[in-house]
Amino acid sequence: MSPETTAPRSLAEALRARDDASLSALLRSRPDLITPVPTDLTQLATRAGTRASVVRALERLDRFALQTAEALAVAPEPATYDELLGLLAGDDGDPTVTAAYPHALGTLREQALVWGGDDRLRLVRTARELLAPSPQHPSPTGLGPTVGESTAGMSPGRIQEIVAAAGLPSTHDSVSAVASLSALFSDRARMSNLLDEAPAEAVEVLSRLVWGPPYGQVTAEPAAHLRWLIGRGLLLPTGPGTVVLPREVALHLRAGRAHRVTEPVAPAVEAATTHRPQVVDAAAAGQAYTTLATVEELLKDWHEGGPAVLRAGGLSVRDLKRTAVALDVSEPVAAFWVELAHAAGLVASDGEAEERYAATPAYDEWLELPSAERWTRLASAWLAATRTAGLVGGRDTKDRTLSALGPGLDRSAAPEVRHRVLTLLAALPEGATPAADSVLARLYWERPQRGARPSPEDLRARLARWTLSEAELLGVTGRGALSAQGRALLGLPEAAGAKGAEPSGPGDKLPAHKRHHPVTAPAPHSPAERAAAAARASRLLAPLLPEPLDHVLLQADLTAVAPGPLERPLADTLGVLADIESKGGATVYRFTPGSVRRALDAGRSASDLHAFLTAHSRTPIPQPLTYLIDDVARRHGHLRIGAASAYVRCDDDAVLSEILADKRSQGLGLRRLAPTVLAAQADPAALLAGLRSMGFAPAAESAEGDVLITRAHAHRTPPRTAPEPVPEGPPVPDATLLGAAIRAIRAGDLASTTPRKADAAGHRPGDGELPRTSSAETLATMQAAVMTGEAVWIGYVNAEGAASQRVIAPIRVEGGFVTAYDHTADEVRTYPLHRVTGVAELADDQP
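These remarks concern the structure in this document. (Residues numbered from 1 in each chain as written. Predicted model: local features only at pLDDT ≥ 70, side-chain atom pairs only at ≥ 80, totals over all residues. Heavy atoms only, no water.)

Moving on, we get to the overall build of the protein chain. Assigned secondary structure in the protein chain consists of 35 helices and 25 strands. A sequence separation of at least 24 residues applies to 66% of the contacts in the protein chain between residues at least 6 apart. When the accessible surface of the protein chain is split by element, carbon and sulfur atoms take 54% of a total near 40,000 Å². (Helix = DSSP H or I, 4+ residues; strand = E, 2+ residues; numbered from the N terminus. Contact = heavy atoms within 4.5 Å. Areas by Shrake-Rupley, 256 points an atom, 1.4 Å probe, with all protein chains shown as cover.)

With that out of the way, let us pick up the pairing of strand 18 (residues 671-674). Examined bridge by bridge, strand 18 and strand 19 (residues 677-680) share three bridges and lie antiparallel to one another. Within the sheet, the bridge partner assigned to Arg 672 lies in strand 19 and is Leu 678. Remark: two residues form the turn of the hairpin made by strand 18 and strand 19, two consecutive strands paired antiparallel. (Pairing = 2+ DSSP bridges.)

This brings us to the sheet that holds strand 3 (residues 215-217). Pairing within the open sheet is antiparallel, and its three strands lie in the order 3-5-4. Strands at the two margins of the open sheet, each flanked by one partner only, are strand 3 and strand 4 (236-239). Taken over all neighbouring pairs, the strand axes of this sheet differ in orientation by 40 degrees on average, direction set aside. Of the pairings in the sheet, the one linking strand 4 to strand 5 (residues 242-244) comprises three bridges and is antiparallel in character. Residue pairing in the sheet places Pro 237 in a bridge with Val 243 of strand 5. (Axes fitted to C-alpha atoms, helices over the stretch in contact; angles between N-to-C directions.)

Moving on, we come to the packing of aromatic side chains. Describing an aromatic ring pair means giving the distance of the ring centres and the angle of the ring planes. For the coordinates displayed, the defined rule picks out five aromatic pairs. Both rings, one in Phe 336 and one in Trp 337, keep their centres 5.1 Å apart while their planes meet at 55 degrees; by these two values the pair is tilted. A relative accessible area of 4% means that Phe 336 is categorised as buried. By relative accessible area, Trp 337 is classed as buried at 2%. Cation over ring: Arg 374 sits above Trp 366, and NZ or CZ is 5.1 Å from the ring centre. (Phe/Tyr/Trp six-rings, centres within 6.5 Å; stacked < 30°, edge-to-face > 60°. Buried < 20%, exposed > 50% of the residue type's maximum accessible area, 1.4 Å probe, protein only. Lys NZ or Arg CZ within 6 Å of the ring centre and 35° of its normal.)

Here you go:
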């Protein structure tokens, strides 16, 4: 314990006494303090006390650390270590609270929210203003104002009446009277004796106010039991018809506790069910394969250009519904897949005049990767993305609908919540599925809302629920438990799940003072760390994914069964030749006249199709399929359609007569130009569709009379980068930046606090005050310092107009510049003399 004479008098002095490791911990936990780097420790302390920074720091405290700060806000200022502990542990001294208290107080000290020795603990003023009770902003403790605050506007005569009614001797002034009354209410024995005399109805009134809110209403003529309370100051008036329970009285009734329920230990994450790890990994791998297939199907659906971009940005409700139908999923799930592809940089707007969504060139590169690597690309993008698909369909602050791929979906807390939820899953035994409610309770304890209880509408709770469902969709978890590849993706060691990365239940062997604080696994920050984690996840997943097959099983009912994933060329060709009928562990393709005609339109001949099926079928080609291909091929191209507006020609004039006689052709505007040629008012595409609907198999032809081969033309956007996550505040500084910042702050503090010699007029510049000297005096002092080798203190204004003070040791003065060793920057620099505001010598007792 430091002597009273050396106790810090301000937060700046407390920071000045810290070592570099402690300052690094502060800047790492509150990165906003380093943006930009403060010039000295006084500026760092000022920035640490600003409202925005304090609010951000309070929001990142765990439940017990926040309760400790709330208790200090209602304690006397300054408070002692034991006084604050008493407010948390109560008169009975809860041992669990007592064990966890040093760590919570240490957290507040580390984050510069509390300063001072153990005999004079002070909460940063802004934090006290935010947490202390007031009529406009009640304290989460439920406590009201002190006796001194409640009697501030009361007449001296009335105060003396209350003192006399409470059985205390009268005093000569109000200050001593209020102090006497406060001492009575804070004395457990005397207070118990006073309440023993209270009517039963009065005790009932106090019991209703004791845990808050502490304010109550009284009539102009209160009942006898209320008069008894008001007369003795157990209830004090705050306005006409309003009374308040003084803080000291409430603390006596609460047995000294500031909170009704103190939560020193994090709630355990409970396991709902347990599966074998192999089952979990296999289920997750199966879902990972489904993820790849779904994303490919989505981009195939948008192959020739996807939905149009809304004027305000994003996907329309109609297009999202159509995409959900195409993927055979619900609309929220379709929104997740669309956003996932966007986060991975696989889909974007094409930027054309009539904007549409389309695959990016990165999608083609992604398709060439091994399956496991493609999955890790998607999973890594999801883990780091701030865009939140769960918000799609909701409303923004202006009551506008939030659309998929549209603006307003970024939530900066999403990556941190995802990582934390998955880390909690990793702390359970391998194969354990958590109870969702216990995960939400744990997250709320780690990041509570000030003055509120957990709510289903809380953003972090919704993010956590979405994380659990999205991780299962993506294959990061299997049957609700974290998979081996999911654990690797987090950068956790493989044994973390078996040994437990942190406490998960009351039976843990860790002591309570360690068990109360959440142990979080650091997320991979650098690109190298993320790449290493993704590579390890890919290695673990690869053996679990099914190998692509080079064959199908043809059946007599004009279907083909793919018993697993197909090699890409086979899948692409089969997707043209047949329609997908059902998906699952095996995919069923159905051959139809339309699908065969589609393959012929793509330039395949009947012999090509027979050869393809023979090469890739493990079963003989069924006769019905052979007949189907030959029959469609025989009729394919028998009719030719070109552009006149459009025309139909056929060597068999009987076929043309049949078309003209069919009533269904009337809408096409057909008329005979020659025995083998019909002209049409419809365009070629409409004519093709119309004749095919009538059961014919026409083929389109070019202006030269050749059959047109129609293939789907891939539409790609120009090169696009994946959307950047929107960070939650400034990024955590790395070790290099922290080291440089601390050196700069220390040097700047040296420059601002080093004593200076008084000038000729006897004036000694104070802290933060730039020296002012004439140009001649500045030059003479610099030249003298070069000869003596002494350091001097200068004021300097840079090219941007920012003023600073520095301690330098001049080496050379020439040509209007001074070259000197700058203690502030810890390097040799050259400064233009015309930018030096003045120079002062340091005091003789300084090194």
